[in-house]
Amino acid sequence: MHRFRVVAPLLATLVAAASCKSDPGPSTPAKPARVTFAKGFLWGTATAGFQVESGLAATDWAAWVKTKDKIKNGDSPDAAGPDALAHVDEDIALMKAMGNTAYRFSIEWGRLYPTRDAFATDTPDPAAIQAYDGVLAKLKAAGMVPMVTLHHFVTPSWLSDPSKGSEPQAWERPEMTDLFVEYARRIAKRWGDKVDWWCTINEPLNVALGGYVQGSFPPGQLLALDRTFAVVKAEARAHAKAFEAIHAADKADADGDGKAAMVSMAFHQREFHPLDPEDEADVAATRRTRYVWNQWILNVVVRGDWDDDYDGNYTGPADRKGDPALAAHVDWVGVNYYSDTLISASRGVVIPVIRAAVIQDNLPTTRPKTEFGWDIYPEGMGTVLDEVATYKLPILITENGLADAKDTNRARFLAEHLYEVGRAITRGADIRGYFHWALLDNFEWASGFCPKFGFASYDPATKKRTLRPSGNTYRQIATSGAVELRNIEALPPYTSATSRCH
Ligand code: IFM
């Protein structure tokens, strides 16, 4: 869903320029021999309910996967997924084998409350309660710090019906915000003594882009810009209210660090470059895209700056600067970083508002590509972290990873990205943890099971997990609390993926 398949003429002359950040010039400072991480840094992996669980029938995504031609190969998590709730012990064993100390996962609204009536009467499904109780108890017994996501793309069916895509769904519905806030309050109250790290909404912008621009997510709309931005605004407001509800409901300090709830969102932050760095229009379009993509919502929930028309100025009819109801509504910033993006002002499908075409897949650069068609670009992690550090809040990398079925690139990818995280820390960023996407192979939304993002693979029939060798690299880094440049150099060079999952 994150991938905008914008077919642009790929100019050979742009290739070197677009990949120039990989070629350090003579004035580049020497790279440190090692970077280190403080004791207590969270070493984790991540998953999300619909991607690894089965039986989430009462959700919009369950209906979406049954819709013709929406999912590659017609894949469905129920049939071929890793069935995570039935394999918690095995999954915790994987985490332990990698020296992990933390795990990010979601608690699914549609599993706990499959019907509107169940929600209205606060009668959660007992099996669901038991399942998540079990996950949290087992994580605690294993010494793992949980991070819980409350909305990772999936909405209960009673609030979102993809078969009626022309009507308002999920975040567009007037009642959604208050119901989500109530859901957040209940979860924080029930499990606040076990959870400190809360992530309200995963990738708020991407939910909207997938559902209303690209049409690859429910409700499957194409270039419906007004609806896209209405969704983003609703999510920003819902997050701010959920932030307050969670803080009011969860006063328990689960991990004994002196703080109770720590609440944020996970933002999909990308690096952006102009398709043609010599073209001023592309440069300006890149600036606009970076602002709307990486900064707009952060400005709302950190500073209360409500830039209603997304133009970067607070001068529009509904623009507001410094709204106290929205400002200071994150305790930390969650960064999902994957790769680079090229921006053109004119070549490809130009999206109004940003007035830019977004090219995310198979970039015309010399960098190695993942099986998802994304560039491997660790330096971009550093740029994004420096940008986020300007908000002066703790940061957690809530996702970072690659599709790599044969595990040829994962160890180097992990080490190089963590090296950039370490360097950002030495430049002053307050980074508290890193969650690799993903613990194990999972359902990659519209791309089905084709992309293999996991440290572990699993047998679809027996569900038996097998840790890929890169898990040893994670263990070595996590247990030593350091990344050594010489260890990175000893790893095999990247191999560009020859197959693609889309
Ligand atoms: O699998 C997704 C995840 O659900 C959200 N962030 C990006 C990942 C890889 O595309």
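The structure this text deals with has already been given above.
Bear in mind the structure is a predicted one, so any value in this text is a computation, not a measurement.

Peer 1: Please clarify how the packing of helix 5 (residues 88–97) against helix 8 (residues 126–141) should be interpreted in this entry.
Peer 2: Helix-helix packing is characterised by the crossing angle of the two axes and by the distance between the axes. Where helix 5 contacts helix 8, the two axes come as close as 10 Å, and the packing angle between them is 35°. At the point where helix 5 passes helix 8, the crossing takes the right-handed sense. When helix 5 is examined against helix 8, the residues Val 88, Asp 89, Ile 92 and Met 95 are found in contact with a partner set consisting of Val 135, Lys 138 and Leu 139. A breakdown of the residues in the contact of helix 5 with helix 8 according to their chemical character gives five nonpolar, no polar and two charged.

Peer 1: Hey, could you run me through the nonpolar core in this one?
Peer 2: Grouped burial of nonpolar side chains is what soluble globular proteins tend to show. Core analysis: the biggest nonpolar cluster contains 136 residues, and Trp 61, Ile 107, Trp 109, Leu 112, Tyr 183, Trp 198 and Leu 418 have the highest contact counts within it. For this core, the element with the most residues is helix 11 (residues 225–249), which contributes 12 residues. If we ignore the near neighbours within four places in the chain, the residues touching Trp 61 are Phe 50, Ile 71, Phe 153, Val 154, Ser 216, Phe 217, Pro 218, Phe 443, Trp 445 and Ala 446.

Peer 1: Teacher, can you tell me more about the site of the ligand here?
Peer 2: Taken together, the neighbourhood of the ligand is formed by 14 residues, with Gln 51, His 152, Glu 203, Glu 399 and Glu 444 sitting nearest. Side-chain polar atom of Gln 51 to an oxygen atom of the ligand: 2.7 Å apart, as the coordinates give it. At 2.9 Å, a side-chain N or O of Trp 445 approaches an oxygen atom of the ligand. Against a free-state accessible area of 280 Å², the protein chains account for coverage of 100% of the ligand. Across the shell around the ligand, the residue classes break down as seven nonpolar, four polar and three charged.

Peer 1: When you look at the pattern of salt bridges in this model, what are you seeing that I'm missing?
Peer 2: It is possible for side chains of opposite charge to pair when their charged atoms get near one another. Per the stated rule, a full pass over the model turns up 30 salt bridges. Between Arg 185 and Glu 182 there is a salt bridge, with the nearest N and O atoms lying 2.8 Å from each other. Residue Arg 185 and its partner Glu 182 are both found in helix 9 (residues 176–191); the two are separated by three residues, about one turn of the helix. By relative accessible area, which is 30% here, Arg 185 ends up partly exposed. Judged by relative accessible area, Glu 182 falls into the partly exposed class, the value being 22%. Each of the salt bridges in this network shares a partner with another, and the network as a whole consists of Asp 122, Glu 182, Arg 185 and Arg 186.

Quick notes on the rules
Residues numbered from 1 in each chain as written. Predicted model: local features only at pLDDT ≥ 70, side-chain atom pairs only at ≥ 80, totals over all residues. Heavy atoms only, no water. Axes fitted to C-alpha atoms, helices over the stretch in contact; angles between N-to-C directions. Helix = DSSP H or I, 4+ residues; strand = E, 2+ residues; numbered from the N terminus. Left-handed = near helix turned anticlockwise from the far one by under 90°. Contact = heavy atoms within 4.5 Å. Nonpolar A, V, L, I, M, F, W, Y, C, P; charged D, E, K, R; others polar. Core = buried A, V, L, I, M, F, W, Y, C linked by side-chain atoms within 4.5 Å. Buried < 20%, exposed > 50% of the residue type's maximum accessible area, 1.4 Å probe, protein only. Near = heavy atom within 4 Å. Polar contact = N/O pair within 3.5 Å; in protein donor to acceptor, adjacent residues only side chain to side chain. Areas by Shrake-Rupley, 256 points an atom, 1.4 Å probe, with all protein chains shown as cover. Salt bridge = Lys/Arg side-chain N within 4 Å of Asp/Glu carboxyl O.

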